[in-house]
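Reading the structure
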Amino acid sequence: MKFLKRLLTTFKEFFPKKYDNVLPLEVTNNETISRFLTSRSHYSPNAPLPAKRVKYGAFMPMMHEGKWECSVFRIDGLREDEVWHIGEAQIAKSSRKVHGRADIQVLSIGKKSLNVEPDNNPPRHANIKGWPEEKSAQKLKAQELALEANLAFKA
Amino acid sequence: MSTACITINNGNFLPSYTERAVSDDANKLRDTISKVRREIFESVSIGEIDREIEIALKEITEECANDNWDGYGANAINVNSLIEAKRFTDTLPTTLPLPEVSVDPDGDISFEWYVRPRRVFSVSIGSDCLLSYAGIIGLNKVHGEEFFGDEIPKTITDNIQRIFS
């Protein structure tokens, strides 16, 4: 049994991890993207489980090189543990704990006149762009995204 | 004989006015209002709401005290926003339910009232007394900015009431 486990580990190392895959720089409408949640400002932690929800704060953009953007990851084709691995490796590295994630389809984002622009830096990374300048308008867009996002917690 | 009266504005019978007057009468009136406020907030029902908001503000301040509190590069909580947030809660109509407290990536405190999907309203308290609000109320969507002077602008209290109606 131990031999088989070792063989499997060695075998796996020959192949690149799926979460390290560099994806094409075009997104499709039916793709799912994830925003990792790291704060009680991103979701409602005190509500009972069925009532827990994504808050607008999860999707509020930050100014980066003169443009408003919200950092997300493309998760299609990944197993659950691989998705969480991205969160732990990319977001939690700054000593923040990943509490959960908000999953949303690219199509829903497009319907809010926003767009998803992948940069593969790190692999599978993308940004939600096209945000309005006024903060109240950004809040409204973020509220609409939060409403359509699915809240997921690590099993 | 004249009597000092406290007006009932937007459902809050004890608004937290800014302090500009300097006469003896103004000082006496201010002391009286403070005393009445203290006594009312010692009551279980009203005082409880006040205490819960204070606890939520304290917890969120601790969580967001440093830059990058979210792992995405957010600004640390804005101290002026915190002061204004406290004034906002003091001025909030006592008839309204307790909001959820959050911090925006720019460090501003925000209060959110959520009833169910498509019944949500949020106000961010800017350090410059600017309130940025947004809400989804059924099929209607609202957003805008209002200056926070002596009292909470009616547009905001009206929208909060709309999501509960």
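Residues numbered from 1 in each chain as written. Chains lettered and ligands numbered in written order. Predicted model: local features only at pLDDT ≥ 70, side-chain atom pairs only at ≥ 80, totals over all residues. Heavy atoms only, no water.

**Some remarks on the overall build of chain A**
How we decide: Going along the chain from the N terminus, every DSSP run of H or I of four or more residues is numbered as a helix, and every run of E of two or more is numbered as a strand. Categorising residues by exposure relies on relative accessible area from a 1.4 Å probe, with only protein chains included: less than 20% of the type maximum marks a residue as buried, more than 50% marks it as exposed, and the intermediate range marks it as partly exposed. What makes two residues a contact is simply this: any of their non-hydrogen atoms within 4.5 Å. Methods summary: accessible areas were calculated by the Shrake-Rupley approach with a probe of 1.4 Å, and residue burial reflects only the protein chains presented.
The helix and strand tally for chain A stands at 4 helices and 7 strands. For chain A, the proportion of its 155 residues judged to be buried stands at 49%. Taking the intrachain contacts of chain A between residues at least 6 apart in sequence as the baseline, contacts between residues at least 24 apart amount to 72%. Element-wise, carbon and sulfur atoms account for 56% of the exposed surface of chain A, whose accessible area totals about 8200 Å².

**Description of the side chain of Ser110 of chain B**
Threshold: Think of a polar contact as two N or O atoms within 3.5 Å of one another; within protein, one of them needs to be a possible hydrogen donor and the other a possible acceptor, and neighboring residues in sequence only count if both atoms come from side chains.
Turning to its location among the elements, Ser110 of chain B is positioned in strand E2 (residues 109-116). Polar contacts involving the side chain of Ser110 of chain B include one to the side chain of Tyr56 of chain A, which spans 3.0 Å. In this view, Ser110 of chain B contacts Tyr56 and Lys139 of chain A together with Glu100, Val101, Ser102, Asp104, Ser122, Val123 and Ser124 of chain B; residues no more than four positions away in its chain are not counted.

**What to know about the nonpolar core**
Short version of the rule: Here, nonpolar core means buried Ala, Val, Leu, Ile, Met, Phe, Trp, Tyr and Cys residues that are tied together by side-chain atoms lying within 4.5 Å of each other.
One finds Phe88, Ile109, Phe111, Trp113, Phe121, Val123 and Ile156 of chain B to be the most contacted residues of the largest nonpolar core, which totals 29 residues. Of all the secondary-structure elements, those providing two or more residues to this core are helix H2 (44-63), helix H3 (79-91), strand E1 (100-103), E2, strand E3 (119-125), strand E4 (130-137) and helix H4 (154-164) of chain B. Sequence-distant contacts of Trp113 of chain B, defined by excluding residues within four places in its chain, comprise Phe88, Leu92, Pro97, Leu98, Pro99, Arg119, Val120, Phe121, Val123, Ile160, Ile163 and Phe164 of chain B. Grouped together as the second largest cluster of nonpolar side chains are 23 residues, Ile33, Met60, Val106 and Ala142 of chain A included.

**Re the pattern of salt bridges**
Residue and element names in this part refer to chain A. For clarity, the cut-off: The working definition used for a salt bridge is a side-chain nitrogen of Lys or Arg within 4 Å of a carboxyl oxygen of Asp or Glu.
Throughout the structure, instances matching the rule amount to 23 salt bridges over all chains. Measuring nitrogen to oxygen at the nearest pair gives 3.9 Å for the salt bridge that ties Glu88 to Lys154. Of this pair, Glu88 sits in helix H2 (residues 80-91) while Lys154 sits in the segment after strand E7 (150-152); the two residues are 66 residues apart in sequence, bridging distant segments of the chain. Look at Glu88 and you get partly exposed, because its relative accessible area is 35%.

**Brief notes about the interface of chain A and chain B**
To be explicit about the condition: A simple way to read buried area is as the amount of 1.4 Å-probe accessible surface that goes missing from two parts once joined, with both sides added. Each residue receives one of three labels: charged for Asp, Glu, Lys and Arg, nonpolar for Ala, Val, Leu, Ile, Met, Phe, Trp, Tyr, Cys and Pro, and polar for the others, Gly being one of them.
Across the boundary between the two partners, chain A contributes 27 residues, which contact 37 residues of chain B. In this assembly, chain A packs against chain B so that about 2800 Å² is buried in total across both faces, 51% of it on carbon and sulfur atoms. On the chain A side of the contact with chain B, Arg40, Arg53 and Lys135 of chain A bury the most area, a combined 21% of that side's loss. Remark: the boundary between chain A and chain B carries 9 salt bridges. A salt bridge links Lys141 of chain B to Glu144 of chain A; the shortest N-O distance between them is 2.6 Å. Viewed at the interface, chain B and chain A are joined by 23 residue pairs in polar contact (both at pLDDT 80 or more). Residue assignment for the side of chain A that touches chain B shows that the elements contributing at least two residues are strand E1 (32-37) and helix H4 (135-148) of chain A. No other element matches H4 of chain A, which puts 8 residues into the side of chain A that touches chain B. Of the residues contributing to the side of chain A that touches chain B, the split by class is 9 nonpolar, 9 polar and 9 charged.

**Concerning the packing of aromatic side chains**
Condition: Paired rings are identified among Phe, Tyr and Trp, the last through its six-membered ring, by centres lying within 6.5 Å, and are further divided according to the angle between planes into stacked (under 30 degrees), edge-to-face (over 60) and tilted (the rest).
All told, the structure shown has 6 aromatic pairs over all chains when counted by the stated rule. Relative to Tyr133 of chain B, the ring of Phe121 of chain B lies with its centre 5.8 Å away and its plane at 35°, an arrangement referred to as tilted. Within this pair, whereas Phe121 of chain B is found in strand E3, its partner Tyr133 of chain B is found in strand E4, the two being separated by 12 residues in sequence. Take Phe121 of chain B: its relative accessible area is 0%, and that puts it in the buried class. Overall, the relative accessible area of 8% leaves Tyr133 of chain B in the buried class. Feature note: the residues Phe36, Phe73 and Trp84 of chain A constitute an aromatic cluster, connected by ring pairs.

**Side note on the pairing of strand E4 (residues 100-105) of chain A**
Residue and element names in this part refer to chain A. Put simply, the rule reads: One requirement defines pairing of two strands: DSSP has to find at least two bridges between them.
Within E4, 5 of the 6 residues are buried, which leaves it mostly tucked inside the rest of the structure. In this structure, E1 lies alongside E4, joined through 6 bridges in antiparallel fashion. Along E4, the bridge assignment pairs Ile33 with Ile104.

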